[in-house]
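Coordinate analysis (summary)
For reference, the chains in residue letters:
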Amino acid sequence: MRDVTGWALTEVGGRLHPWRVPRRDPRPDDVVVRVTHCGVCHTDVHAVQGAGAADLPLVPGHEFVGVVEAVGPAVTRFAVGDAVAVGNIVDSCGTCAACREGEESYCREYPTLTYGGTDRVDGSRTHGAYASHVVVRDAFTYALPPGLDPAAAAPLMCAGITVWQPLRRYGAGPGVRVGVVGVGGLGHLAVKLAHALGARVTAFTTWGRPGSSRLRRWRSRRRPDAPAVARRSA
Ligand SMILES: [Zn+2]
Ligand SMILES: [Zn+2]
C-alpha cells in the first residue's frame, strides 16, 4: 500500500481538497497507471454535491488516460510506458452471462465502479482518477491508440462510450437518420460519432434562439454534409 497525491471530498457539503489517496500494491493482474488526463464528468459533480457521510472520503474521476508505470507479474497485454485509458468500471464478477458477453456494466453482481465502489478482493473503497496514480485490473485497462490527443480521448471513456454503445447497437451509419436531443457533454460526442459513422444527424437543442449568433456560428462552420441543428422548445 502506498499513498499518492489526489483530490478528495472528506466532509459533507465541503469542497475537494488535496488528499493522500491510498493505493494498493499491485496484484498479479494489476496495472499501475500514472494519470496524465482525467475528464470532469457531470457525474463527478453530482457525486460531490450529493455525497453523504457514508460516501466519504470521495475521490472522483472515472474517464482518464495515463501511462503504465508498473505491472503485476501476470499482466501480458501492457508494459511500462504504454499509454492506456480507463473508464467507469474497474472490475466485475467475470462469470455471469452479462460478463461473459462483455457486457460488464450489466454484471449480475453489479460492476465495481472506478470510485465509490467496493473492491472485490479486499473490500476497500475504490478511489477515482483525480489523483496522480490509479491501480486497476488489466482486464479493465485499454490501450490508447497512438495519435489520439490524450486530453480529448479521456472523456471518450465515459461520455463517449455512453453514446457510442447505442449508436453501434442500433446500426448508426449510412442511410440511417440519428436525432440527438441535447448538445451537451454526451450529446456533442453523439453528434460527432454518428456523423463519423456516416449517419444523417440532426441535433436538437434549446440553446440559442432561431437566428441567434450562436446558431449562426454553428451553421457557418458546417460542411455541406455536416449535422443539421434543430431547435426544440424547452
Ligand atoms: Zn461519467
Ligand atoms: Zn458479472
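A few points on the structure. (Residues numbered from 1 in each chain as written. Chains lettered and ligands numbered in written order. Predicted model: local features only at pLDDT ≥ 70, side-chain atom pairs only at ≥ 80, totals over all residues.)

Turning our eyes to something else, we now look at the overall build of the protein. Across its full length, the protein holds six helices and 12 strands. Sorting the 234 residues of the protein into buried and exposed places 35% on the buried side. Counted over contacts in the protein with a minimum sequence separation of 6, partners at least 24 positions apart contribute 63%. (Helix = DSSP H or I, 4+ residues; strand = E, 2+ residues; numbered from the N terminus. Buried ≥ 20, exposed ≤ 12 C-beta atoms within 10 Å, placed from the backbone. Contact = placed C-beta atoms within 7 Å.)

Moving on, we come to the nonpolar core. Grouped burial of nonpolar side chains is what soluble globular proteins tend to show. In terms of nonpolar packing, the biggest core is built from 52 residues, with Val 31, Val 33, Val 84 and Ala 194 touching the most fellow members. When residues are assigned to domains, this core turns out to be shared by domain 1 (2–154) and domain 2 (160–231), each giving three or more. (Core = buried A, V, L, I, M, F, W, Y, C linked by C-beta atoms within 7 Å. Domains from an automatic or database assignment.)

Pairing between sheet strands relies on hydrogen bonds along the backbone, with the strands arranged either parallel or antiparallel. On the basis of which strands lie adjacent, the open sheet formed by five strands has the order β8-β3-β4-β5-β9 and antiparallel pairing. Here the strands that pair on one side only, and so sit at the sheet edges, are β8 (133–137) and β9 (142–143). In terms of strand pairing, strand β3 (residues 30–38) meets β8 through five bridges, oriented antiparallel. Bridging across to β8, Val 31 finds its partner in Val 136. (Pairing = 2+ DSSP bridges.)

Pairing analysis gives seven bridges linking β3 to strand β4 (residues 64–71), with the strands arranged antiparallel. When the sheet's bridge partners are listed, Cys 38 is paired in β4 with Phe 64. Both β4 and strand β5 (residues 83–86) contribute to a ladder of four bridges, which runs antiparallel. Paired with Phe 64 across the two strands is Val 86, which belongs to β5.

Two residues of an α-helix separated by three or four positions point the same way, owing to the 3.6 residues in each turn. Taken together, the buried positions of helix α5 (residues 187–196) are occupied by Leu 189, Ala 190, Val 191, Leu 193 and Ala 194. Of the surrounding elements, those touching the buried residues of α5 are α4 (159–169), β10 (177–181) and β11 (200–205). Looking one or two residues past α5, Gly 198 carries a phi angle of roughly 100°, positive in sign.

Moving on, we come to the environment of Ala 8. Position of Ala 8 relative to the elements: it lies in strand β1 (residues 2–8). In this structure Ala 8 comes out as buried when scored by C-beta crowding, with 23 C-beta atoms within 10 Å. Along the chain, Ala 8 and Tyr 130 lie 122 residues apart, while their C-alpha atoms are 7.8 Å from each other. Residues within four places of Ala 8 in sequence aside, it is in contact with Leu 16, His 17, Trp 19, Val 21, Pro 57, Leu 58 and Val 59.

Any functional reading would require information beyond the geometric quantities listed.
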